[in-house]
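Here is how the chains run, residue by residue.
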Amino acid sequence: MKDYIVRATAADSQIRAFAATTREMTEYARKVHEESPVACAALGRLMTAGAMMGAMMKGDKDLLTLQIRADGPLRGMTVTADAKGNVKGFAGNPQVMLPPNALGKLDVGGAVGHGILNVIKDMGMKEPYVGQVGLQTGEVAEDLTYYFATSEQVASSVGLGGFIIQLMPFTDEKVIDALEKKLSSVKSVTSMLDAGMTPEDILQELLGEFGVEITEKTETRFACNCSKERMEKALISIGRKDLEEMIKDGEPIEMNCHFCNSHYQFSVEELKKILAQAKKR
């Protein structure tokens, strides 16, 4: 099954919801970054959130960045996503290993640690929107629920990977009470996915009694837009002095993309051409 996101409404548009399956992108990230199980779980959750939050944006060029900066051994994570389902991400220490937590499960919270979550939305304005909250648990879902409530004032329930259910400001109290009761009784999203449930099935399970209506289905994927040309621009931006030092060393250099782990080599001759470009600026 290809990864995809569904968007839905329920309770006469008093509720909006997103659900996604992201096993392919999570597995791709695991392979390219050689991730440990706990790093794979942590980054998979953040990429799933990025995919669904990217689907909330409207402009074709809008870009979302989720950034966790924390003191745990994972050394933080960065995920970017757009409105077309393209997602990429990396963890600072993808090989981190930790014993299971007190419940016998992967200790994502322990790997992430204490710190902050930055949500950056670049929507073509002069300045991007930046929301920042302190991490509550490091488990990602709870931290995003807290972010939506405090930074965007949207009552939300986040389950990764994953769903996001949000209440509109005009939601009736009876609907809120019934939804809270329903959500408190459901099993974990992981167990739903393990049982073979699709994103549509998950939303039907969570919101069926509220008259859920699927309004859109979008493919999502791990996609990196790095290239040798982009790396050249990065080299130009480091300045002439550093480029001259590299050329003086007389050795080719290699640059690595954090997101997809692609490697780009530049010979001394190529570095000389890049230096000439830098001097024209």
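Here, the structure is the one placed above.
Residues numbered from 1 in each chain as written. Predicted model: local features only at pLDDT ≥ 70, side-chain atom pairs only at ≥ 80, totals over all residues. Heavy atoms only, no water.

**Quick word on the sheet that holds strand β8 (residues 156–159)**
The 5 strands are arranged β8-β9-β2-β1-β10 in an open sheet whose pairing can be described as antiparallel. The open sheet is flanked by β8 and β10 (213–219), the only strands paired with a single partner. Going across the sheet, the axis of each strand differs from the next one's by a mean of 10°, ignoring polarity. As paired strands, β8 and strand β9 (residues 163–167) are joined by 4 bridges and run antiparallel to one another. Bridge pairing links Gly159 to Phe163 in β9. Contacting β2 (15–21), β8 and β9, helix α5 (residues 173–185) runs over the sheet at an angle of about 160° to β9. Most of the contacts of helix α7 (residues 199–207) go to β2, to which it runs at about 145°, and overall it touches β1 (4–10), β2, β9 and β10. (Pairing = 2+ DSSP bridges. Helix = DSSP H or I, 4+ residues; strand = E, 2+ residues; numbered from the N terminus. Axes fitted to C-alpha atoms, helices over the stretch in contact; angles between N-to-C directions. Contact = heavy atoms within 4.5 Å.)

**Section: the environment of Met97**
Secondary-structure assignment places Met97 in the loop between β5 (86–91) and α3 (108–112). Residue Met97 is classed as exposed on the basis of its relative accessible area, which comes to 62%. Residues Met97 and Ile68, spaced 29 residues apart in sequence, show a C-alpha to C-alpha distance of 19 Å. Once you skip the residues sitting within four places of it in the chain, Met97 turns out to touch Ser36 and Pro37. (Buried < 20%, exposed > 50% of the residue type's maximum accessible area, 1.4 Å probe, protein only.)

**Some words on the packing of aromatic side chains**
Tallying each qualifying case throughout the model produces 3 aromatic pairs. Taken together, a centroid distance of 5.0 Å and an interplanar angle of 80° make the contact between Phe90 and Phe259 edge-to-face. Taken together, the residues span a long stretch of sequence, with Phe90 in strand β5 and Phe259 in the loop between β12 (253–256) and β13 (263–266) at a distance of 169 residues. Taken individually, Phe90 and Phe259 each receive the classification buried, so the pair is uniform in this respect. Relative to Phe148, the ring of Tyr147 lies with its centre 5.4 Å away and its plane at 55°, an arrangement referred to as tilted. For the pair Tyr147 and Phe148, one class covers both residues: buried. (Phe/Tyr/Trp six-rings, centres within 6.5 Å; stacked < 30°, edge-to-face > 60°.)

**Brief notes about α5**
For α5, spanning 13 residues, the distance from its first C-alpha to its last is 19 Å, which sits close to the expected 18 Å at 1.5 Å a residue. The inward-facing, buried residues of α5 contact β2, β9 and α7. At the N-terminal end of α5, a side-chain oxygen is found 2.7 Å from the backbone nitrogen of Lys174, two or three residues along, and the residue is Asp172. (Expected span 1.5 Å × (residues − 1). Polar contact = N/O pair within 3.5 Å; in protein donor to acceptor, adjacent residues only side chain to side chain.)

**Remarks on the packing of helix α8 (residues 228–237) against helix α10 (residues 268–280)**
In the contact formed by α8 and α10, the axes pass within 9 Å of each other and the chain directions differ by 60°. Put simply, α8 runs oblique to α10. For the crossing formed where α8 meets α10, the hand is right-handed. Across from Lys228, Glu232, Leu235 and Ile236 in α8, the residues of α10 making contact are Glu270, Leu271, Ile274, Gln277 and Ala278. Across the contact of α8 with α10, the residue classes tally to 5 nonpolar, 1 polar and 3 charged. (Parallel < 35°, antiparallel > 145°, perpendicular 65-115°, else oblique. Left-handed = near helix turned anticlockwise from the far one by under 90°. Nonpolar A, V, L, I, M, F, W, Y, C, P; charged D, E, K, R; others polar.)

**Brief notes about the nonpolar core**
Side chains of nonpolar character tend, in soluble globular proteins, to be buried together. Membership of the largest hydrophobic core comes to 64 residues, with the highest contact counts inside it found for Met53, Leu74, Met77 and Phe266. Take this core: its biggest share by element is 12 residues, from helix α2 (residues 37–55). When sequence neighbours within four positions are dropped, the list of residues in contact with Met77 reads Ala42, Leu43, Leu46, Leu66, Gln67, Ile68, Phe90, Ala91, Val112 and Val140. (Core = buried A, V, L, I, M, F, W, Y, C linked by side-chain atoms within 4.5 Å.)

**Section: the pairing of β12**
Each regular strand shows side chains that alternate between the opposite faces of the sheet. On β12, burial follows the alternation: Ile253 and Met255 on one face are buried, whereas Glu254 and Asn256 on the facing-out side are not. The pairing of β12 with β13 spans 4 bridges and is antiparallel. Counterpart to Glu254 in the pairing with β13 is Gln265.

**Notes on a negative patch on the surface**
A surface patch of negative charge is lined by Asp242, Glu244, Glu245, Asp249 and Glu251. On the secondary structure map, Asp249 appears in helix α9 (residues 240–249). Owing to a relative accessible area of 56%, Asp249 belongs among the exposed residues under this scheme. (Patch = residues over 30% accessible without salt bridge, like charges linked within 9 Å, V, L, I, M, F, W, Y side chains within 5 Å. Areas by Shrake-Rupley, 256 points an atom, 1.4 Å probe, with all protein chains shown as cover. Salt bridge = Lys/Arg side-chain N within 4 Å of Asp/Glu carboxyl O. Lys, Arg positive; Asp, Glu negative; His and termini not counted. Charge placed at Lys NZ, Arg CZ, Asp CG, Glu CD.)

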